[in-house]
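Structure at a glance
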Amino acid sequence: MPAQGKHRRPKSTSLGRGLAAVTTGGAVLALPVIGATSAFAAPAPAAAPQAVAPTAVVAQANSAAKAAPAKHSVVAGETLSKIAREHSVSGGWKKLYEGNRKIVGSNPDLIHPGIKLVIGAKSAASSDDKASKASPSAARGASADRADRSERIEAAPVAKAAPAAEKKAVTYTNDLDGWIKESLAVMAEQGIPGTYEGIHRNIMRESSGNPAAINNWDSNAVKGTPSKGLLQVIDPTFQAYHVPGTSTDSYDPVANITAACNYAADRYGSIDNVFGAY
């Protein structure tokens, strides 16, 4: 009689089936965990971008660093040409007049004592205009930056910077030597030829250096246009050859000299070429 159960498949114990189930289940569960780990792994944080200052803000800062426009109070006897030379205005009296047209009026030759001229105001405005036109968003950023700076300044005032040293103004003596030298400076700006010697020689012949000299006896006087001033200029000639930026008074020494030299340059090439009545 064969042995019972010799060729029968051994039954798995409940513990074996349990382990197989755990092992199989573990294998099944391991895949989602690995997939989840790969799918949701957080990327390495990127380096924070560095802030770049807008071009307009930089331009605004550079503009703010420039000195503020200066003011000049006109005194009796001054002209736009003289003031422009004293303050070394680039472009001369014309540039000064352009920046103060509303204050001076339509005639640049008439400036009244007491009015205040602004030196360099136009250039400061141009810088602000360029900064604001660079970009609307940049302009808004610049405005915000200015407001922020204003708040910081009000909250914690800083010591005032020492004023920059101004260029020494050129002054001329109120005599024949000073009048000729100032006239030569105006003539150099306007491109009018002439030398100190040529001007002085003709002045001594015409008026002996008297700015109030007048000729009431020659043919011009008979016509009602007497010769006046240092270089004995008649009114029609003075008005025709008057140099802008100088006084409109034909007795004014500097205005008289520059107008006469302007006339002599047009007719004779230079006051240096005049050796008699002209």
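The text that follows walks through the structure, step by step, so that each part is easy to find. Predicted model only: the values in this text are computed from it and were never measured. (Residues numbered from 1 in each chain as written. Predicted model: local features only at pLDDT ≥ 70, side-chain atom pairs only at ≥ 80, totals over all residues. Heavy atoms only, no water.)

Broken down by element type, the protein carries 12 helices and 4 strands. Relative to its 278 residues, the protein shows a buried fraction of 30%. Across the protein, every contact between residues at least 6 apart in sequence was considered, and the portion connecting residues at least 24 apart equals 57%. For the protein, the accessible surface area stands at approximately 18100 Å², while carbon and sulfur atoms represent 59% of it. (Helix = DSSP H or I, 4+ residues; strand = E, 2+ residues; numbered from the N terminus. Buried < 20%, exposed > 50% of the residue type's maximum accessible area, 1.4 Å probe, protein only. Contact = heavy atoms within 4.5 Å. Areas by Shrake-Rupley, 256 points an atom, 1.4 Å probe, with all protein chains shown as cover.)

This part is about the environment of alanine 240. Position of alanine 240 relative to the elements: it lies in helix α11 (residues 235-241). By relative accessible area, which is 56% here, alanine 240 ends up exposed. Distance in space between the C-alpha atoms of alanine 240 and alanine 259 is 8.4 Å, their sequence separation being 19 residues.

It is worth spelling out the environment of isoleucine 83 at this point. For isoleucine 83, the location among the structural elements is in helix α3 (residues 80-86). What makes isoleucine 83 buried here is its relative accessible area of 0%. C-alpha separation for the pair isoleucine 83 and leucine 96, spaced 13 residues apart in sequence, amounts to 8.6 Å.

A word on helix α8 (residues 176-190). The terminal C-alpha atoms of α8 lie 21 Å apart, and with 15 residues this matches the ideal 21 Å at 1.5 Å per residue to within 8%. Along α8, the positions that sit buried rather than exposed are Leu176, Gly178, Trp179, Ile180, Glu182, Ser183, Ala185, Val186 and Met187. On its buried face, α8 sits against α3, α9 (196-206) and α12 (253-268). (Expected span 1.5 Å × (residues − 1).)

Structurally, the α-helix is built with 3.6 residues per turn, so residues lying three or four positions apart point the same way. The end-to-end C-alpha distance of α12 is 21 Å, a good match for the 22 Å that 16 residues give at a rise of 1.5 Å each. Every buried residue belonging to α12 is among Pro253, Val254, Ala255, Asn256, Ile257, Thr258, Ala259, Ala260, Cys261, Tyr263 and Ala264, and all of these are buried. In this fold, the buried residues of α12 make contact with α8, α9, β4 (227-228) and α11. Immediately beyond the C-terminal end of α12, within one or two residues, lies glycine 269, with a positive phi of roughly 95 degrees.

A separate point is the packing of aromatic side chains. In this structure the tally under the stated criterion is 2 aromatic pairs. The interplanar angle of 75 degrees and the centroid separation of 5.3 Å between the aromatic rings of tyrosine 241 and tyrosine 263 together place this pair among those described as edge-to-face. Of this pair, tyrosine 241 sits in helix α11 while tyrosine 263 is found in helix α12, placing the two residues 22 residues apart along the sequence. Ring centres 6.0 Å apart and planes at 40 degrees place the aromatic pair tyrosine 263 and tyrosine 278 in the tilted group. With tyrosine 263 in helix α12 and tyrosine 278 in the segment after α12, this residue pair connects regions lying 15 residues apart in the sequence. (Phe/Tyr/Trp six-rings, centres within 6.5 Å; stacked < 30°, edge-to-face > 60°.)

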